[in-house]
Amino acid sequence: MINRRTFSKALGLGTGAAAASLAGLQGLPTASAATQNGTTAPTALTVTPGTHTSFATLKQIKAGLLDIGYAELGPAHGPVVICLHGWPYDIHSFVDVAPLLAAEGYRVIVPYLRGHGTTRFLSSRTFRNAQQSAIALDIIALMDVLKIEKAVLAGFDWGSRTADIIAALRPERVKALVSVSGYLITNLEANKQPLPPKAEYAWWYQYYFSTERGRLAMEDKTKRHDLTRLVWDTVSPTWGFDDATFERTAAAFENPDYADIVIHNYRWRLSLADGERRYDRFEKQLAARPVIAVPAITLDAEHDPFTAPGDGSSYRDRFTGKYDHRTLKGIGHNVPQEAPTAFAQAVIDVDHF
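Here is a short report on the structure shown in this document. Because the structure is a prediction, the values reported are computed rather than measured. (Residues numbered from 1 in each chain as written. Predicted model: local features only at pLDDT ≥ 70, side-chain atom pairs only at ≥ 80, totals over all residues. Heavy atoms only, no water.)

1. Regarding the overall build of the protein
Move 1: Helix and strand counts for the protein stand at 14 helices and 11 strands.
Move 2: Every one of the 353 residues in the protein was classed for burial, and the buried ones make up 56%.
Move 3: Excluding contacts between residues fewer than 6 apart, the proportion of contacts in the protein whose partners are at least 24 apart in sequence is 76%.
Move 4: Summing over all exposed atoms, the protein offers an accessible surface of approximately 14,700 Å²; the carbon and sulfur share of this is 54%. (Helix = DSSP H or I, 4+ residues; strand = E, 2+ residues; numbered from the N terminus. Buried < 20%, exposed > 50% of the residue type's maximum accessible area, 1.4 Å probe, protein only. Contact = heavy atoms within 4.5 Å. Areas by Shrake-Rupley, 256 points an atom, 1.4 Å probe, with all protein chains shown as cover.)

In C-alpha cells:
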C-alpha cells in the first residue's frame, strides 16, 4: 500500500528522520500471510524493538469530558487503527507499531488515556473516575469528534479492556479487534472471588492501591517512579529496555490527575470505590459478559504473569466472530513495545479477516 519512497510522508517525518527510521526496518514485505477466509494480508515490515523513540508531533482535541492528547501517523484518509495503552504505560508502547501500520497505509491514532500524558479533564469539577465504561466512552467521544465512523481497535492491559468494551457494546464502530490477554471486561461480582495464589501474587499493586499507603505512594513522585519501574521489571522479565525508554513513558505519569485515576481504577475493580450513576446502564450490560462478534485476534504473551492458562480457552466462548489466537514466545506484558512486528501483523491480519 505504501513503499519506501513514500514512507517518510506517511509517518510525517522529514528526510533525515525518515532515513533514521528506515535504518531499523528490515526491508519491504516479501510474502503475504494467509487469513482465515482464504484471502491474503500484507506482511508487516520487520522492526527491531526500540528503533523509534518518539512521535514526531502530538495533537490535542476536545472530546467528551476531556482534552485528549494523541499521536497520529499515516495518511489522513487511510483506514483507521486506534491503539490503546495500559498501566503503567503510555503511547510509547506503540512507538514502533505505529510506523509499521502507517507504512501499510493506515491512519494510526494513539491517545493518552484519561489521567495520562497531555490528556486533561475539561472541568475541575468532573469526578476523576476510571471505571471501565467511562474510559471506553472517552474513546467513542474521540472517534466522534475526529469523525471516525469505524476503526480497528488494538490494545493491551487497560487498552484491551477498553477495546473489548467498545467491540461488545458498540460493534458498529469497530471494524476488527486485537486484544492482548483476550477478554478483559470486568464483572464486579465475579471479581470479588479470590484467584489462585500465584495469580493474586502478580496483582500485588492492586491491593497496595486499596490502602492509604498505596495512594500516598502514587502521589509521591519518587515513590511513583520507583513503583512503576518495579512493575515494568517484574511483568516483562525478558525485555531488555534501557532507562531512557522507561523515562520517556514515566513523563506521562506527571499528569495532575494520574494518581486519582490509577487509584480509582483499581479500587473500583475491587468494589472498594463507587462509580458514577451515569454509567450504571453500561456496567449492567458489561456484567452480563456480552460476546464480541467483530473479527478478533487475541494475543497472549508467554512471560506475562497475567496470561491465563489454557491458550485462550478460558475466554474463547466470548468471541463469536472470525477469530484467531496467538501466543508470543519470550514476550512479557508490554506486548506492542516488546514485539512490535507481531502486534502490527495481528492488526493487519485481523483487518483482512
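2. Remarks on the packing of helix H4 (residues 132-145) against helix H5 (residues 158-169)
For any two helices packed against each other, the geometry comes down to the angle between their axes and how far apart the axes lie.
Move 1: It is at 9 Å that the axes of H4 and H5 come closest, and there the two elements cross at 75°. The pairing of H4 with H5 is recorded here as roughly perpendicular in orientation. Residues Gln132, Ser133, Ile135, Ala136, Ile139 and Ile140 of H4 touch H5, and the partners they reach there are Trp158, Arg161, Thr162, Ile165 and Ile166.
Move 2: Tallied by class, residues from the contact of H4 with H5 come to seven nonpolar, three polar and one charged. (Axes fitted to C-alpha atoms, helices over the stretch in contact; angles between N-to-C directions. Parallel < 35°, antiparallel > 145°, perpendicular 65-115°, else oblique. Nonpolar A, V, L, I, M, F, W, Y, C, P; charged D, E, K, R; others polar.)

3. Structural notes on the side chain of Gln337
Move 1: Here Gln337 shows up in helix H13 (residues 335-338).
Move 2: Of the residues examined, Gln337 reaches a relative accessible area of 7% and is grouped as buried.
Move 3: At 3.4 Å, the side chain of Gln337 and the backbone oxygen of His92 are in polar contact.
Move 4: At a separation of 2.9 Å, a polar atom in the side chain of Gln337 contacts the side chain of Asn334.
Move 5: Those residues within four positions of Gln337 in sequence are excluded, and the remaining contacts are Pro49, His92, Ser93, Trp232, Trp239 and Thr245. (Polar contact = N/O pair within 3.5 Å; in protein donor to acceptor, adjacent residues only side chain to side chain.)

4. Some points on the pairing of strand S9 (residues 174-180)
Move 1: For S9, a buried count of six out of seven residues is recorded, marking the element as mostly surrounded by other parts of the structure.
Move 2: Strand direction decides the pairing type here: strand S8 (residues 151-155) and S9, joined by five bridges, are parallel. Bridge pairing in S9 links Ala151 to Val174.
Move 3: For the crossover from S8 across H5 to S9, the handedness is right-handed.
Move 4: By the bridge criterion, four bridges tie S9 to strand S10 (residues 296-301) in an arrangement that is parallel. Along S10, the bridge assignment pairs Leu177 with Ala296. (Pairing = 2+ DSSP bridges. Right-handed = clockwise from strand over helix to strand, strands pointing away.)

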